[in-house]
Amino acid sequence: MFAASKNSASLETSATIEEVEHKYVQLNGKTLHYVIAGDKGSPIILVHGFPESWWAFHKLIPLLAHEHRVIAVDLRGFGDSDVADDDFTSRDAADDLCHLIKHLDLGPVHLLAQDVSGQVGYRVAAEHGELIRTLIAIETGLPGFGAEMLANVLVGGAWYIGAIAADGVANSILSGRERELITGLVYPSYNLGEALSQADGEEFVRAYARPHGLNGSVGLYRSLLRDGEAMKELAVTQLKMPVLAVGSFGGPFTETTMRQVAEDVTSVHIDGAGHYLAQEAPDRLAEAVLRFCAT
């Protein structure tokens, strides 16, 4: 099902599900798009990775919304939020999230971040702990704690991470080839199979194919490779709120990382699924998240 986008940054249509309401808000100098579902329980904010948008959670949202108010956001530069400027960083994304939480007057929230947005969620939790009830890290790592090795092809890292992070490469070489990048390279590399439908792929491609639609990814991956020392400084004071580390394709990497930066870590491993758990194993991911948020 599709609905007309209200965002001037995107004149096409965006996918939707009946459980959500689409919202747009001007914050921190940019228009952010998010969807909201559920009308009871403590709030959970869902933050996507790459190559994703809020749509990565369209299977997960209905499973959480029975017990929680659920907000899934398009980070600046992604989905139907405004495109990002050339100097966009993970700090900007974290600032946007803080502004959104305060704007919605949600109080402390459960913050779920996956893939490359783990650094964004961690920044919010480390610098604005009063806004965060729990942090849920899904298949993610942090700069300074090994995540930068994901771009090192000599140890099995992905070449496209370094290419996207390199100044000027995404807009000069990858722009116009978003379909080949997303559905032809990234998703097949994780053996996503039937979990990613053709319609899903087209929705992600639509958003990234906007003019400068890769700028958000450039900023997050550039931060992943540059912010190691800053993250280590933040980690001198460990997180006090409970943290759930969920791993699958990446093995114990998420748990190992979170135990270095947080005092109270619960670990869950979801067998038989790949990297994109919200799409591949939404039932089991929802079960883990609901159980954790209820404690």
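Predicted model, so just to flag it, every value in this text is computed and none were measured.

What counts as what
- Residues numbered from 1 in each chain as written.
- Predicted model: local features only at pLDDT ≥ 70, side-chain atom pairs only at ≥ 80, totals over all residues.
- Heavy atoms only, no water.
- Buried < 20%, exposed > 50% of the residue type's maximum accessible area, 1.4 Å probe, protein only.
- Helix = DSSP H or I, 4+ residues; strand = E, 2+ residues; numbered from the N terminus.
- Pairing = 2+ DSSP bridges.
- Axes fitted to C-alpha atoms, helices over the stretch in contact; angles between N-to-C directions.
- Parallel < 35°, antiparallel > 145°, perpendicular 65-115°, else oblique.
- Left-handed = near helix turned anticlockwise from the far one by under 90°.
- Contact = heavy atoms within 4.5 Å.

On a regular strand, each side chain points to the face opposite its neighbour's, so the side chains alternate between the two faces of the sheet. With 8 of its 8 residues buried, strand β4 (residues 30–37) lies for the most part within the structure. Residues K30, L32, Y34 and I36 point to one face of β4 and T31, H33, V35 and A37 to the other, with burial holding for every one of them. Pairing between strand β3 (residues 21–27) and β4: 7 bridges, direction antiparallel. Within β4, the position partnered with L27 by the bridge is K30. As paired elements, β4 and strand β6 (residues 69–74) share 5 bridges and run antiparallel to each other. Looking across to β6, one finds that A37 is bridged to V70.

Below, the discussion takes up the packing of helix α2 (residues 90–104) against helix α3 (residues 118–127). Between two packed helices, the angle of one axis relative to the other and the distance separating the axes together describe the packing. Contact geometry of α2 with α3 gives a least axis separation of 8 Å together with a crossing angle of 60°. If you check the angle between α2 and α3, you find them oblique. Crossing angle aside, the handedness with which α2 passes α3 is right-handed. In this structure, α2 uses S90, R91, A93, A94, L97 and C98 to contact α3, whose residues at the interface are Q119, V120, R123, V124 and E127.

Let us look at the sheet that holds strand β9 (residues 243–247). The strand order β3-β4-β6-β5-β7-β8-β9-β10 describes an open sheet built from 8 strands, whose pairing is mixed. Each of the sheet's edge strands pairs with one partner strand only, and the pair in question is β3 and β10 (265–269). Within the sheet, the average angular offset between the axes of one strand and its neighbour, ignoring direction, is 20°. Across 5 bridges, strand β5 (residues 43–47) lies against β6 in parallel orientation. Note on β6: the bridge partner recorded for V47 is V73. Its contacts with the sheet place helix α12 (residues 282–293) against β5, β7 (109–114), β8 (132–138), β9 and β10, and it is angled at close to 155° to β8.

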